[in-house]
Amino acid sequence: MAPGTKIDYAERIPNNVSLAENRRLLRALEEWQPRFLHWWTDMGPEGYQAKEAYLRTAISVDSKGWAHFDHVKMPEYRWGIFLAEPEAGRQIPFGAHKGQPAWQEVPGEYRGVLRRLIVTQGDTEPASVEQQRHLGRTCPSLYDLRNLFQVNVEEGRHLWAMAYLLHAHFGRDGREEAEALLQRRSGDPDKPRILGAFNERTPDWLSFYMFTYFTDRDGKYQLCALAESGFDPLSRTCRFMLTEEAHHMFVGETGIGRIVQRTCELMREHKTDDVRRHGGIDLPTLQKYLNFHYSVSLDLFGSEISTNAANFYTAGLKGRFEETKKPDDHLLKEASYPITLHDGDRIVTREEPALTTLNERLRDDYIADCQRGVDRWNAIIKKHGIDVELRLPHRGFRRAIGVFADVRVSPEGRIVSQAEWDARKDEWLPTEQDAAFVQSLMKPVIERGMFANWIAPPARGIDGKPLDFEYVRLD
Ligand SMILES: [Fe+2]
Ligand SMILES: [Fe+2]
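Quantities reported herein were computed from a predicted structural model and do not represent experimental measurements. (Residues numbered from 1 in each chain as written. Chains lettered and ligands numbered in written order. Predicted model: local features only at pLDDT ≥ 70, side-chain atom pairs only at ≥ 80, totals over all residues. Heavy atoms only, no water.)

(A) Spotlight on the sheet that holds strand β2 (residues 68-73). On the basis of which strands lie adjacent, the open sheet formed by 3 strands has the order β2-β1-β7 and antiparallel pairing. This sheet does not close on itself; its edge strands, each paired only once, are β2 and β7 (472-473). Relative to β7, strand β1 (residues 52-57) runs antiparallel, the two sharing 2 bridges. Note on β7: the bridge partner recorded for A53 is V472. Here helix α3 (residues 142-169) sits on the sheet and contacts β1, β2 and β7; the angle it forms with β1, its principal contact strand, is near 50 degrees. (Pairing = 2+ DSSP bridges. Helix = DSSP H or I, 4+ residues; strand = E, 2+ residues; numbered from the N terminus. Contact = heavy atoms within 4.5 Å. Axes fitted to C-alpha atoms, helices over the stretch in contact; angles between N-to-C directions.)

(B) Inspection of the coordination of the iron ion (ligand 1) at higher detail. Coordination of the iron ion (ligand 1) by the protein involves E125 (OE), E155 (OE) and H158 (ND1), with metal-donor separations of 2.0 to 2.2 Å. Sequence spacing of the donor residues for the iron ion (ligand 1), all on one chain, is E-x29-E-x2-H. In this model, the iron ion (ligand 1) sits 3.4 Å from the iron ion (ligand 2), the two metals being bridged by E155. With E125 in helix α2 (residues 111-131) and E155 in helix α3, this pair connects stretches of sequence that are 30 residues apart. (Donors = N, O, S within 2.8 Å, 3.2 Å for Na, K, Ca; no water.)

(C) How the structure looks around the nonpolar core. Core analysis: the biggest nonpolar cluster contains 112 residues, and F214 and W454 have the highest contact counts within it. Element by element, the count of residues in this core is highest for α3, at 15 residues. If we skip the residues at most four places from it in the chain, W454 touches P140, W205, Y209, I259, R262, G279, G280, I281, L441 and M442. (Core = buried A, V, L, I, M, F, W, Y, C linked by side-chain atoms within 4.5 Å. Buried < 20%, exposed > 50% of the residue type's maximum accessible area, 1.4 Å probe, protein only.)

(D) Representation of the side chain of Q131. In this structure, Q131 sits in helix α2. Side-chain polar atoms of Q131 contact the backbone oxygen of A197, separated by 3.0 Å. A polar contact of 2.8 Å, which involves the side chain of Q131, links it to the backbone oxygen of E200. Sequence-distant contacts of Q131, defined by excluding residues within four places in its chain, comprise S186, A197, F198, N199, E200, T202 and F211. (Polar contact = N/O pair within 3.5 Å; in protein donor to acceptor, adjacent residues only side chain to side chain.)

(E) Spatial organisation of the environment of N359. Following the sequence through the fold, N359 ends up in helix α9 (residues 358-383). Counting along the chain gives 73 residues from N359 to L286, while the straight-line C-alpha distance between them is 28 Å. At a separation of 3.0 Å, a polar atom in the side chain of N359 contacts the main-chain carbonyl oxygen of S303.

(F) The coordination of the iron ion (ligand 2), seen in detail. Within the protein, E155 (OE), D216 (OD), E245 (OE) and H248 (ND1) serve as the donor atoms for the iron ion (ligand 2), at 1.8 to 2.2 Å. Between the 4 donor atoms coordinating the iron ion (ligand 2), the angles at the centre fall across 91 to 173 degrees, so the site counts as irregular. We note that the donor set of the iron ion (ligand 2) lies within a single chain, spaced as E-x60-D-x28-E-x2-H. (Tetrahedral: all angles 85-135°; square planar, octahedral: opposite > 155°, others 65-115°.)

(G) Inspection of the packing of α3 against helix α6 (residues 232-270) at higher detail. In the contact formed by α3 and α6, the axes pass within 10 Å of each other and the chain directions differ by 160 degrees. Judged by the inter-axis angle, α3 sits roughly antiparallel to α6. The chirality of how α3 crosses α6 is left-handed. Split by residue class, the contact of α3 with α6 holds 12 nonpolar, 7 polar and 8 charged. (Parallel < 35°, antiparallel > 145°, perpendicular 65-115°, else oblique. Left-handed = near helix turned anticlockwise from the far one by under 90°. Nonpolar A, V, L, I, M, F, W, Y, C, P; charged D, E, K, R; others polar.)

(H) Region of interest: helix α5 (residues 205-227). Here α5 contains 23 residues, and its C-alpha end-to-end distance of 30 Å stays within 8% of the 33 Å for a straight helix at 1.5 Å per residue. Most pronounced at F211, the bend in α5 amounts to some 35 degrees. Burial of α5 is extensive: 23 of the 23 residues sit out of reach of the surface. Measuring from the side-chain oxygen of the N-cap residue of α5 to the backbone nitrogen of L206 gives 3.1 Å; that N-cap residue is D204. (Expected span 1.5 Å × (residues − 1). Bend = angle between axes of the 7 residues up to and from the residue.)

(I) Expanded view of the packing of aromatic side chains. A full pass over the atoms with the stated rule returns 31 aromatic pairs. Taken together, a centroid distance of 5.2 Å and an interplanar angle of 75 degrees make the contact between W205 and F208 edge-to-face. Here F208 and W205 lie together in helix α5, a separation of 3 residues that amounts to about one turn. You'll find W205 and F208 in the same group, each marked buried. Taken together, the ring pairs in this structure connect W32, F36, W39, W40, Y77, W79 and W160 into an aromatic cluster. Sitting over the ring of Y213, R217 keeps its end group 4.1 Å from the ring centre. Geometry around F469 places K465 over its ring, the cationic atom sitting 5.6 Å from the centre. (Phe/Tyr/Trp six-rings, centres within 6.5 Å; stacked < 30°, edge-to-face > 60°. Lys NZ or Arg CZ within 6 Å of the ring centre and 35° of its normal.)

(J) Structural view of the pattern of salt bridges. One pass over the structure, following the stated rule, counts 41 salt bridges. In this structure, the salt-bridge partner of R56 is E154, at a minimum N-O distance of 2.8 Å. Taken as a pair, R56 in strand β1 and E154 in helix α3 lie far apart in primary sequence, 98 residues in all. As far as burial versus exposure is concerned, R56 and E154 are alike and both buried. The partner of D123 in a salt bridge is R193, with the nearest N and O atoms 2.9 Å apart. Of the two residues, D123 sits in helix α2 while R193 sits in the loop between α4 (171-183) and α5, which places them 70 residues apart along the sequence. Residue classification places R193 among the buried positions, given a relative accessible area of 2%. Salt bridges linked by common partners bring D299, E304, E360, R363, D364, R395 and R399 together as one network. (Salt bridge = Lys/Arg side-chain N within 4 Å of Asp/Glu carboxyl O.)

Okay, here's the thing in structure tokens:
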């Protein structure tokens, strides 16, 4: 491990950025810390603040640093500031400044946009904690409850990560923005979170797994693009956040996989597709939830054609997914990229300049990644000898942002009339009755080693512990 990367837990704010040597910054963050805790106790997991959960804490930022597990009360979690190790001699990998040394300080000309990028990312972190705060009440097992809390404390730490950048690099406006991150509230009409998906409700555990699979995965792709940034502190912050994000998507993928598993078991056992009568979630309902969460998450990538995206790239602030692995010129001035859009009532593909279509390219990487999990769920269905497949709906389905926002597109990718949409949308999206049914299954299961009837137990426990381990201490 390189020197200086060890996380100092002796400090009030654990960090690997030598915070103690920067008194001004330390003081500012020590003022922010109690306000963060106040937000956490107010808006974090409801009803469990005094309980001990078996949580992991980073002990260092290298790949082996993820090993410390212990029972802790969430308000005592060691949130802090952890940046991935610096890369010696790192250069800006793309855009107009390509080849120059990576910036250690904010370049003056990009101050405003860079701050906006950080605030937009930062805002999603506390938002998801707020969206998920009531779920503890209806957990399907202690194992799942613990996973929820792990996701929540790590989103809290991601908030720390962004607040640190704002405090350390953006002076007074940075401090104000860090404060505002604690003031907005998911779903609040007066002070909503910035992005649409983060104002939706996460009312049940099916939604939670869909959210962690699809929406946290948007987070992964945004972080991957920001990890390429020429602004080195942002790059290093995002690189470490990505190691935490992987667990969130694991929770989503295995959560949905376990529901699919259980649904198939019930279908076989009772020789019926209608597993609702047997307390399971039927495959058509799973498909509708998938359609909803996927389409909401696609919108997070923004418009297919975006001069903002082009500007972020040319400025060297936000790259492509795996930018440095791509064999092109990393300037993209001459290149083009195919995008999907509609021409009247036909859906067509058209070459557009590569720079203005960067959102769509990132969305394409995301879609391919989403498909991998769907394939694994379908393998579970197939293994049970059931002839049904879950599908990602067409990218134009139920979009509120971009070229498809003004048309209605069916899940198969056909432009349909408003009348057809109205007549069929209940086949495609969760209805109130579907939501009420799913809600009716949400009864807490808190006996050790027990799991709700609608979800199969996981293949293995956390940190090598058995399934009946006391993942959360409820007494
Ligand atoms: Fe996050
Ligand atoms: Fe996440």
